[in-house]
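# Analysis of the macromolecular model
Okay, here's what each chain looks like letter by letter:
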Amino acid sequence: MKLIKTAIDLKYQKKSSSDLYLGTWCFNKDPNFFNSVKDNNINKYHWDDRDKYKRDFDYLSNLYEKTLKDFSNILNGIHKLDRDSNYWRVIIGPWLRFFIDALFDRYECIRYAKEQHVIEKVTIYNYTDREKPPINFKEFYDDFMDDEWNEQIFSDCIKYQNISYETSNVEIGYSQRNNLRPIKKFTKYLKSTILCYQIYLANKYNNIAVISPNLNILDSIKLQTSMQQAPILVSPEPEIKRVEYQNRLRENFKKPKKSFGFEDFLNELLYKNIPLSYIESFSTYVKESLYLYPKNINVIYTANGYQSDDMFKIWAAESCAKGSKLVVGQHGGNFGTGLMNQTEDHQLKISNSFISWGWKREGYSNIKTLPSIKLSSNSSSYNNSGRILFVMAAFPRFFFCHYSMPIGGQFGQILKSQILLIRKLNKKNYNKLKIRLDDSGSHYGWSLYELFQRHGMEDKIDTSNKPLMSNLTNFNLCVCNNNATVFLETLAINYPTIIYLDPLYYEIRPEATKLFDKLEECGILHKDSESASKFINYISHDISKWWLSTKVQNARLSFIRHFANSSSRKSSLKKLSLFLKELQ
C-alpha cells in the first residue's frame, strides 16, 4: 500500500486503487471532492474522536506552557535580556502554540496510518527550503497551510517513526514565499509619509496607542481624537531581509532525549523552525519597532495586532516591560461560547484588560465587558420577499488552530450536510435561495464554486460581492453554519436568522449551554440539517411572524446580552474611549 501524504504526492506519483490517502487534504482544489473521497482509501483522522481532541487540547496547553518557560530562559540568554515569560508570551506565544499543535497533529496522522495499515511505499522529496526557517510569523502562517510545508513535516514524521521510504530528486520548496506581491512605489511612498507624520505627532501628544483596532478608518479616528490622541492609522511594515540561519544559536534550544515519543520529536524540529524574527533578526526588530512605534505610551489597545504582527508584538512587549498596559479587544465570534479556543486563552493571558462583547470567564478578572463597536456599526433592514441567504464558512484543508470547530478534512462533512440542507428545501424556498461562499475557500484549497456547480447549484451562488450587511437588505432570512461572527452580527441587528451547528464539531462550553438551548427551543438554532430545512419550510410563508414572536425575541435578547452586546456606534466608541482613558 502506497501512502499519499499531500497533493504533491498526487502530482508526482502514479495513482493506484490501493493507495492510502493520509487525509482529505490530498484532494487540493478537486471539484470532484466527494467522489474522490468516496472512491479512495482515506486514513482515519485521529481527531475525528472529539474526546481525544479535547484531551489533546489539555495536554498541548500544558506542553505549550512548559515549552514557553524553557524558551523564555533560552531567549533571555541568547539576547542578553532578563525578561519574564509574559514578555516572551506576547512575542513568540502565537507561533509556539500554532507550531506545537500543528506538529502534534501531523505526527498523530502518521502514527495512526502506521498502526492501522501496512505501508509498503512512501516517497520523500528533496526539500530545498529545509534550512530556511520563516522570516516571521506571517511567513510561517502562510507556510503551514500550504502543501509544501506539510509535505516536509509529514516526511520528518515518517523518518522519526521509522517507516521505510524511498527518495526522489524532485525539488520541493515553499511556493507561498515565491509568490509575494511587490508593493507599488507610490503606495510605499504614501505609507512611509503617513508613518513619519503619525510617529512625530504620536511621540509629541500620545500616551495611548491604538494599533490595528479592527475599526474602519473613520471610527478609528473618532476613537483616538476623543481621547485627545493623534490618530495612528498605519502599522509599520519595514522590509527586513532574510538573514543567515545560525545553527550555533539554535542549538541552545535542543534538549537531551528522554523517550522516543512526540516531545522528543518536537525538540528535534522546534529549533529548526523558529522564525528568524525571534533569533537572528530579533535585535533588528527591536530597533525598528522602538523607532517606528510611539514612545512613552501608558496604554496600548489592539484587536488584531496580537497574533501575526511581530513588529507590533515586540514593541508591545518592550512597552509593557516598562509599565505600559496592554488592552486586547474581542474581534470576532466563538469567544466565550466554544468549549476550546487556544487564541482566546492566549489573548486573556497576555492582556492587562480584555474587552469582551458581554461574556465572562472564571479565573480571569481582567475581562471587561463593553458594547461591540463592530456589531454597533450595523442597522437592521430586510424585506419581506422571503429570499434566503445561506452564508457558508470555509476552513483550511490542514488543521491549523485548536478550537471547537471543524478541522482539516472534517469540513468535507460540513459541506455534505449543507448540500443536504439545501436539497431538503421545498421548491419555493430553493428558488429563493442564494449561497454566499467564503472567499478564503479558494486560498485554502477548496474548489467550492466548482463543487456547487457539479451539484447543479451554480445559479444559486451569490456573485454580488457586496459586504454582508449591505447584501442582507435584499433578503428576508440569513442561514449560517459556523459558530463565528456572522450570526452575532445578525442577531445583534435583529435580523431573522437560522443557525445550523453540528454538535459533533461545535462543542459549546457549559456556561453558554443554557443560552444556546433557548435559541434551539425557539427555532433559531438547529443541530442537524434536516431539522433546519424542515423549519425553514415551515416558517417561510411568514418569517416576520415567527421572528417577532415573544419567545424568539426573548431568546435573542438574552443571548446577545452575553455574547453580542451592542449599542449605538457613538455610545460604543464613547464607552471604549472612557475605559482606555481611565487606565492611563
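Rules used in this analysis
- Residues numbered from 1 in each chain as written.
- Predicted model: local features only at pLDDT ≥ 70, side-chain atom pairs only at ≥ 80, totals over all residues.
- Heavy atoms only, no water.
- Pairing = 2+ DSSP bridges.
- Helix = DSSP H or I, 4+ residues; strand = E, 2+ residues; numbered from the N terminus.
- Core = buried A, V, L, I, M, F, W, Y, C linked by side-chain atoms within 4.5 Å.
- Buried < 20%, exposed > 50% of the residue type's maximum accessible area, 1.4 Å probe, protein only.
- Contact = heavy atoms within 4.5 Å.
- Salt bridge = Lys/Arg side-chain N within 4 Å of Asp/Glu carboxyl O.
- 1 Å grid on protein atoms, 1.4 Å probe; cavity = no way out; pocket = protein on both sides within 12 Å on 5 of 7 lines; lining within 4 Å.
- Points joined across faces, edges and corners; volume = space filled by probe spheres on them.
- Nonpolar A, V, L, I, M, F, W, Y, C, P; charged D, E, K, R; others polar.
- Polar contact = N/O pair within 3.5 Å; in protein donor to acceptor, adjacent residues only side chain to side chain.
- Axes fitted to C-alpha atoms, helices over the stretch in contact; angles between N-to-C directions.
- Parallel < 35°, antiparallel > 145°, perpendicular 65-115°, else oblique.
- Left-handed = near helix turned anticlockwise from the far one by under 90°.
- Expected span 1.5 Å × (residues − 1).
- Patch = residues over 30% accessible without salt bridge, like charges linked within 9 Å, V, L, I, M, F, W, Y side chains within 5 Å.
- Areas by Shrake-Rupley, 256 points an atom, 1.4 Å probe, with all protein chains shown as cover.

## As for the sheet that holds strand β3 (residues 41-42)
The sheet built from 3 strands is open, its strands ordered β1-β2-β3 with parallel pairing. Edge strands, defined here as strands with exactly one partner in the open sheet, are β1 (3-4) and β3.

## Regarding the nonpolar core
The biggest cluster of nonpolar side chains holds 165 residues, and the ones touching the most others in it are W95 and W546. Looking at this core element by element, the count peaks at 17 residues for helix α4 (residues 85-116). Every residue in contact with W95, bar those within four places of it in the chain, is listed here: F71, F137, F140, L270, N273, I274, P275 and Y278. Ranked by size, the runner-up nonpolar core spans 16 residues in total, among them M227, Y301, L576 and F579.

## Observations concerning the pattern of salt bridges
This model, assessed by the stated rule, comprises 29 salt bridges. A salt bridge links E115 to R111, with the nearest nitrogen and oxygen atoms 2.8 Å apart. A residue pair is termed a helical-turn pair when its members lie 3 or 4 positions apart in one helix, as E115 and R111 do in helix α4 at 4 residues. The exposure class assigned to E115 is exposed, which follows from its relative accessible area of 54%.

## So, empty space enclosed by the protein
Evaluation of the coordinates by the stated rule reveals 3 cavities of 30 Å³ or more. In this structure, the largest cavity encloses a volume near 150 Å³. If you go around the largest cavity, you meet 16 residues; those closest to its centre are Y301, Q330, W357, S372 and I373. Of all the elements in the fold, those that place two or more residues in the lining of the largest cavity are α15 (373-376) and α26 (569-582). Broken down by class, the residue content of the lining of the largest cavity amounts to 10 nonpolar, 5 polar and 1 charged. Considering only enclosed or pocket space, the second largest cavity measures out at about 100 Å³ in volume. Breaking the lining of the second largest cavity down by element, the ones donating at least two residues are α6 (147-160) and α10 (262-273).

## A word on the side chain of T337
Note that T337 resides in the loop between β8 (325-329) and α14 (342-350). Among the polar contacts made by the side chain of T337, one reaches the side chain of N483 at a distance of 3.1 Å.

## Describing unusual backbone geometry
The backbone of N162 sits at a positive phi, close to 55 degrees, despite the residue not being glycine. With respect to the helices, strands and loops of the structure, N162 is situated in the loop between α6 and β5 (166-172). Located in the positive-phi region is N494, a residue other than glycine, with phi close to 60 degrees. Structurally, N494 is set in the loop between α21 (486-492) and β14 (497-500).

## Topic: the side chain of T343
Among the secondary structure elements, T343 is positioned in helix α14. Only 2.7 Å separates the side chain of T343 from the side chain of N341, close enough to count as a polar contact. The residues contacting T343, other than those within four sequence positions of it, are F98, Q307, F335 and C401.

## Points about the packing of helix α8 (residues 217-226) against α26
The interhelical angle for the contact between α8 and α26, taken along N-to-C directions, is 45 degrees, at an axis separation of 9 Å. One element, α8, and the other, α26, form an angle in the oblique class. Relative to α26, the crossing made by α8 is right-handed. Where α8 abuts α26, its residues D219, K222, L223 and S226 lie against R569, L573, L576, S577 and K581. Counted by class, the contact of α8 with α26 contains 3 nonpolar, 2 polar and 4 charged residues.

## Overview of α6
With 14 residues, α6 extends 20 Å between its outermost C-alpha atoms, agreeing within 8% with the 20 Å of an ideal straight helix rising 1.5 Å per residue. Burial analysis of α6 places 13 of its 14 residues in the buried class, the great majority of the element. Positive backbone phi, approximately 55 degrees, marks N162, located one or two places after α6.

## Concerning the sheet that holds strand β10 (residues 367-369)
Strand pairing in a sheet is mediated by backbone hydrogen bonds. Such pairs are either parallel or antiparallel. Spatially, the 5 strands line up as an open sheet ordered β6-β7-β8-β9-β10, and their pairing is parallel. Edge positions in the sheet fall to β6 (208-210) and β10, since each has one partner strand and no second. Mean inter-strand twist for the sheet, computed between neighbouring axes without regard to direction, equals 20 degrees. In the sheet, strand β7 (residues 299-302) pairs with β8 via 4 bridges, with the strands oriented parallel.

## Looking at the pairing of strand β13 (residues 477-480)
Side chains of β13 alternate between two faces, with L477 and V479 and C478 and C480 buried alike. Strand direction decides the pairing type here: strand β11 (residues 388-391) and β13, joined by 4 bridges, are parallel. Across the sheet, I388 pairs through a bridge with L477, a residue of β13. Pairing between β13 and β14: 3 bridges, direction parallel. Residue pairing in the sheet places V479 in a bridge with I498 of β14.

## So, the environment of G386
Structurally, G386 can be placed in the loop between α15 and β11. Using a relative accessible area of 6% as the deciding quantity, one classes G386 as buried. Each C-alpha atom of the pair G386 and H541 lies 7.5 Å from the other, and the pair is 155 residues apart in sequence. When residues no more than four places from it in sequence are discounted, the contact partners of G386 are K432, N476 and I543.

## Section: a nonpolar patch on the surface
Together, Y200, L201 and Y205 give the surface a local cluster of nonpolar side chains, amounting to about 320 Å² of exposed area. Among the structural elements, Y200 can be located in helix α7 (residues 185-205).

## Side note on the environment of L326
Take L326: it is sitting in strand β8. In this structure L326 comes out as buried when scored by relative accessible area, which is 2%. Taking C-alpha positions, L326 is 13 Å from H346, a pair spaced 20 residues apart along the chain. Apart from residues lying up to four places away in sequence, L326 is in contact with I300, T302, C320, I350, S351, N352 and S353.

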